[in-house]
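The residues making up each chain are set out below.
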Amino acid sequence: AKRLGSNQVRRDRGLMEKDDGLPPLLVETMLRQALQNGELEIHYQPKIHTRSMQVVGAEALCRWTHPELGHIPPQAFIPVAESSDLILPIDAYVLRKVCEQGASWMKQGYRVRISVNVSSRQFMQDGFPQLVQTCLAETGMDPQLIELEITERTAMCDVDRAVHVLQELRKIGVRIALDDFGVGYSSLNYLIQFPVHTLKIDRTFTAGIQSAVNQTPIIGAIISLAKSLNLSVVAEGVETFQQFDFLRENRCDEIQGFLFGAPVPPSSFQLSAFVAKLQPRAPQPDRVGEI
Ligand code: C2E
Ligand code: MG
Ligand code: MG
Ligand code: MG
């Protein structure tokens, strides 16, 4: 499933390389086309509240199906897009689609908190907070239901700027998560400066729960750290009941992984699993009649 489409097709087209990857320039050209042709789709993976076992949100993940090469995984095209400016229209497209989807779910009566991955380049781009605000306003999506996932690495590469952008985003009302937390870039000293809501434990730690090199002390430490900073903590990559039990016993707030559900197209996302039904609220001036 991790293969880049059919090897035969790629052999025919002379696309095979030593490392079995596609040449970056070709990926970039194809990706530009893909964006225009609507080959990019968003899938949604449920996030489960550990105590209640209810689905409380979803992570939006980009999916690319090339007409001939088939499914091309994000690891094969996101880094290529990030090394060019192509990641900017991709991230903007994903954000737009997510806001439209979230607003549509709101109209159906469900408050689904959706997490969106934001690349370093997009996050650091001038005008990113405005882009977010425009997307929200044009789609009618509730800012509180959007969570932007940025990696620790993004936050750490220019701390002052990151803090500034995060503050701007907070004013808009969106939530922020530090994705892939714990994999090498954390400086606890900086962490407390970042106005984020959530720490997302990288899946290498989750995978290490039952491995030879026991990772459980690290997960325990991250959960304690999150609690003492009053942050919410999510574990990604939960695949086994053993991992789930450990995370529940250690009071990890939310979990995400193949054990509970893989990323699926929005039409397959089980809305009925949600607890957070839209509550009747006092009408807000600019939203009357929309919800
Ligand atoms: P991420 O943000 O850390 O996303 C989590 C990845 O773990 C996803 O891979 C997801 O499908 C996978 N995953 C979820 N549960 C499990 C599990 O139980 N076991 C295992 N082994 N994996 C699990 P995916 O979709 O291949 O995405 C990979 C990375 O590509 C993402 O990592 C994110 O950094 C990036 N990415 C995906 N979509 C977007 C996007 O729209 N924009 C940007 N900028 N980056 C994206
Ligand atoms: Mg993520
Ligand atoms: Mg992650
Ligand atoms: Mg990860």
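Residues numbered from 1 in each chain as written. Chains lettered and ligands numbered in written order. Predicted model: local features only at pLDDT ≥ 70, side-chain atom pairs only at ≥ 80, totals over all residues. Heavy atoms only, no water.

A separate point is the overall build of the chain. Per the secondary structure count, the chain includes 12 helices and 9 strands. Taken across its 291 residues, the chain has 49% of its residues classed as buried. Contacts in the chain between residues far apart in sequence, at least 24 positions, make up 69% of those at least 6 positions apart. When the accessible surface of the chain is summed, it comes to about 14,200 Å², and 51% of that surface belongs to carbon and sulfur atoms. (Helix = DSSP H or I, 4+ residues; strand = E, 2+ residues; numbered from the N terminus. Buried < 20%, exposed > 50% of the residue type's maximum accessible area, 1.4 Å probe, protein only. Contact = heavy atoms within 4.5 Å. Areas by Shrake-Rupley, 256 points an atom, 1.4 Å probe, with all protein chains shown as cover.)

In the first shell of the magnesium ion (ligand 4), the protein supplies Asp180 (OD) and Glu236 (OE), at 2.3 to 2.5 Å from the metal. In this model, the magnesium ion (ligand 4) sits 3.0 Å from the magnesium ion (ligand 3), the two metals being bridged by Asp180. Within this pair, whereas Asp180 is found in strand β6 (residues 175–181), its partner Glu236 is found in the loop between β8 (232–235) and α12 (241–249), the two being separated by 56 residues in sequence. On the basis of relative accessible area, Glu236 is assigned to the buried category, the value being 10%. (Donors = N, O, S within 2.8 Å, 3.2 Å for Na, K, Ca; no water.)

When a metal carries six donors in an octahedron, the ideal angles between them are 90 or 180 degrees, while four donors in a tetrahedron ideally lie at 109.5 degrees. In this structure, Asp179 (OD), Asp180 (OD) and Glu236 (OE) serve as the protein donors to the magnesium ion (ligand 3), at separations of 2.0 to 2.5 Å. Each donor residue of the magnesium ion (ligand 3) belongs to the same chain, and together they define the spacing D-D-x55-E.

The biggest cluster of nonpolar side chains holds 80 residues, and the ones touching the most others in it are Phe123, Leu148 and Leu169. Take this core: its biggest share by element is 10 residues, from helix α4 (residues 87–107). Contacts of Phe123, omitting those with residues within four sequence positions, involve Val118, Phe128, Ile150, Thr154, Ala162, Val165, Leu166 and Leu169. (Core = buried A, V, L, I, M, F, W, Y, C linked by side-chain atoms within 4.5 Å.)

Throughout the structure, instances matching the rule amount to 16 salt bridges. Two residues, Glu100 and Arg96, come together in a salt bridge whose shortest N-O distance is 3.3 Å. Residue Glu100 and its partner Arg96 are located together in helix α4, separated by 4 residues, close to a single helical turn. When its relative accessible area of 37% is taken as the criterion, Glu100 is described as partly exposed. A residue is classified by how much of its surface remains accessible, and Arg96, at 29% relative accessible area, is partly exposed. The partner of Glu138 in a salt bridge is Arg96, with the nearest N and O atoms 2.6 Å apart. Pair noted here: Glu138 is in helix α6 (residues 128–139) and Arg96 is in helix α4, with a separation of 42 residues, a long-range link. Here the salt bridges share partners, and the residues they tie into one network are Lys47, Glu59, Glu147, Glu149, Arg175, Lys200 and Glu236. (Salt bridge = Lys/Arg side-chain N within 4 Å of Asp/Glu carboxyl O.)

Note that Lys200 resides in strand β7 (residues 198–201). Residue classification places Lys200 among the buried positions, given a relative accessible area of 0%.

What follows is about the environment of His197. Checked against the element boundaries, His197 lands in the loop between α9 (188–191) and β7. Sequence separation of His197 and Val174 is 23 residues, and the distance between their C-alpha atoms is 9.7 Å. Setting aside its immediate chain neighbours within four residues, His197 contacts Arg170, Val174, Arg175, Ile176, Leu231 and Ser232.

Bringing the packing of aromatic side chains into the picture now. Across all of its chains, the model carries 6 aromatic pairs by this definition. Here the aromatic rings of Tyr44 and Phe269 are separated by 6.4 Å at their centres, their planes lie at 65°, and the arrangement is edge-to-face. In this pair, Tyr44 sits in strand β1 (residues 40–49) while Phe269 sits in the segment after β9 (254–255), placing the two residues 225 residues apart along the sequence. Judged by relative accessible area, Tyr44 falls into the buried class, the value being 1%. Both rings, one in Phe244 and one in Phe260, keep their centres 5.4 Å apart while their planes meet at 75°; by these two values the pair is edge-to-face. Residue Phe244 is located in helix α12, and its partner Phe260 is located in the segment after β9; the two are separated by 16 residues in the primary sequence. Note on Phe244: relative accessible area 5%, which makes it buried. On the basis of relative accessible area, Phe260 is assigned to the partly exposed category, the value being 23%. (Phe/Tyr/Trp six-rings, centres within 6.5 Å; stacked < 30°, edge-to-face > 60°.)

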